[in-house]
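Observations on the three-dimensional arrangement
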Amino acid sequence: FISMHTKEAPVDPVTGQHALNFNGRVTRGSVKNMQLVNDGQPDAILFQFGKVDKNDFTLDYTWPLTPLQAFGVAISALAYKLANEGG
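Figured I'd write up the structure that's included with this text. (Residues numbered from 1 in each chain as written. Predicted model: local features only at pLDDT ≥ 70, side-chain atom pairs only at ≥ 80, totals over all residues. Heavy atoms only, no water.)

**Some details on the environment of isoleucine 75**
The residue isoleucine 75 is located in helix H1 (residues 67–85) in this model. Residues isoleucine 75 and aspartate 56, 19 residues apart in the sequence, show an inter-C-alpha distance of 13 Å. (Helix = DSSP H or I, 4+ residues; strand = E, 2+ residues; numbered from the N terminus.)

Given below as structure tokens:
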């Protein structure tokens, strides 16, 4: 059994805003951007999902997640946030 949690975004000293490092894979800021890490290894990113254009997102994942699990997490994040934003 592997326990994961969302990675906390540190404050960028230049902008003063919270920002995650997606290593160039995510190009737009969004509340939908997220990374999941293993509880035992907080520097090992197992899943990342983020906005790259107005209606386009990127999804990266690795073991122990399967493609279906990663897609399910991404869709859940989109659906939850869209429902709470009203559109």
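**What about the pairing of strand S2 (residues 34–38)?**
Within S2, five of the five residues are buried, which leaves it mostly tucked inside the rest of the structure. Residues of S2 alternate between two faces, with Met34, Leu36 and Asn38 on one and Gln35 and Val37 on the opposite face, all of them buried. Sheet analysis places strand S1 (residues 4–6) next to S2, joined by three bridges and oriented antiparallel. Considered in S2, the bridge of histidine 5 is made with valine 37. (Buried < 20%, exposed > 50% of the residue type's maximum accessible area, 1.4 Å probe, protein only. Pairing = 2+ DSSP bridges.)

**A few points about the nonpolar core**
As a rule of thumb, soluble globular proteins bury nonpolar side chains together. By size, the foremost hydrophobic cluster in this structure holds nine residues: Met34, Leu36, Phe47, Phe49, Leu65, Ala70, Ala74, Ala77 and Leu78. Mapped by element, the contributors of at least two residues to this core are S2, strand S3 (41–53) and H1. Per element, the largest residue contribution to this core is four residues, and it comes from H1. Sequence-distant contacts of alanine 74, defined by excluding residues within four places in its chain, comprise Phe47, Phe49 and Leu59. (Core = buried A, V, L, I, M, F, W, Y, C linked by side-chain atoms within 4.5 Å. Contact = heavy atoms within 4.5 Å.)

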